[in-house]
Structures are given as C-alpha cells and as structure tokens.
Amino acid sequence: METTASVPAAGGPRPDIHPGQDTSTAHAHRLRLYGALDRVCVPLAAADVQAVFKLAELDCVTVHAVIDWITTARTLEPHPHPHPHPHPR
C-alpha cells in the first residue's frame, strides 16, 4: 500500500511552506477577518481573499487592529476630499 502526504484544500497556505506558522491561529484569524468584512458587506474579489490569507499570518495584535479599522471605517461619516490646488505655472 502506497502512502502519500495529504495535500491541503485549495486556497489555504500549506503548513510545510510556512513551518513557523500555527495554522490553527491563521485559520482563526481568517475567520475573524472574513466575519468583519461580511458584517460591513464588503464583497471579496480574488485579490481580497489573497490579502486576507496574508493578513491572517500576522500576529494577533495586528489582525485585531485591522478588524477594528474595518469596523470603525464603516461607521464613520465620509470625509470630503479637498479639491487639489491648481499646479502653479
């Protein structure tokens, strides 16, 4: 009987590529990030999913800060952008 190493499901990082990363922590971070984005109704493109995977690899403090930013940004009033000054000639 031949045995081969299991291959993780598509879309996630492979533990053998990131040996120092606790995959359960990264998975929990991904779930929290997806939850925050879903609560503020942000549709995710493929590049967004890749960004979530990269962010999920960061430490807990950073991930929670990003989640706070997402949540807070959605509740803020839009800030009007000042008109750019004409370029002096």
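Residues numbered from 1 in each chain as written. Predicted model: local features only at pLDDT ≥ 70, side-chain atom pairs only at ≥ 80, totals over all residues. Heavy atoms only, no water.

Caption draft 1: Seen up close, the environment of F53. As for its placement among the helices and strands, F53 is situated in helix α2 (residues 46–56). Residue classification places F53 among the buried positions, given a relative accessible area of 16%. Considered as a pair, F53 and L33 are 20 residues apart in the sequence and their alpha carbons are 9.3 Å apart. (Helix = DSSP H or I, 4+ residues; strand = E, 2+ residues; numbered from the N terminus. Buried < 20%, exposed > 50% of the residue type's maximum accessible area, 1.4 Å probe, protein only.)

Caption draft 2: Expanded view of the side chain of H29. Here H29 is to be found in helix α1 (residues 23–39). The residues contacting H29, other than those within four sequence positions of it, are A56, L58, D59, C60 and V63. (Contact = heavy atoms within 4.5 Å.)

Caption draft 3: Quick peek at the packing of α1 against helix α3 (residues 60–75). Put simply, α1 and α3 touch, their axes get as near as 9 Å, and they point 10° apart. In terms of orientation, α1 and α3 fall into the roughly parallel class. Note on element contacts: α3 touches α1 through C60, V63, H64, V66, I67 and I70, opposite H29, R32, L33, A36 and L37. Across the contact of α1 with α3, the residue classes tally to eight nonpolar, two polar and one charged. (Axes fitted to C-alpha atoms, helices over the stretch in contact; angles between N-to-C directions. Parallel < 35°, antiparallel > 145°, perpendicular 65-115°, else oblique. Nonpolar A, V, L, I, M, F, W, Y, C, P; charged D, E, K, R; others polar.)

Caption draft 4: Fine view of the packing of α1 against α2. For the pair α1 and α2, the least separation of the axes is 8 Å and the interaxial angle reads 130°. In terms of orientation, α1 lies oblique with respect to α2. The chirality of how α1 crosses α2 is right-handed. Along its contact with α1, which presents A26, H29, R30, L33, Y34 and L37, the element α2 presents V49, V52, F53, L55 and A56. Here the residues of the contact of α1 with α2 are counted per class, giving nine nonpolar, one polar and one charged. (Left-handed = near helix turned anticlockwise from the far one by under 90°.)

Caption draft 5: Spatial organisation of α2. Listed as buried for α2 are V52, F53 and A56. Take α2 and look down its axis: the buried residues cluster within an arc of 100°, on one side only. Exposed residues lying more than 90 degrees from the buried face of α2 are A47, Q50 and K54. Contacts made by the buried residues of α2 are with α1 and α3. (Arc of directions from axis to C-beta.)

Caption draft 6: Fine view of α3. With 16 residues, α3 should reach 22 Å at 1.5 Å per residue; the first-to-last C-alpha distance of 23 Å fits that figure. Buried within α3 are the following residues: V63, V66, I67 and I70. An end-on view of α3 places all buried positions within 95° of arc, on one side of the element. α3 presents V61, W69 and T75 as exposed residues on the side facing more than 90 degrees away from its buried surface. Its buried side turned inward, α3 meets α1 and α2. Its side-chain oxygen placed 3.2 Å from the backbone nitrogen of V61, D59 serves as the N-cap of α3. (Expected span 1.5 Å × (residues − 1). Polar contact = N/O pair within 3.5 Å; in protein donor to acceptor, adjacent residues only side chain to side chain.)

On their own, these measurements won't tell you what the molecule is for.
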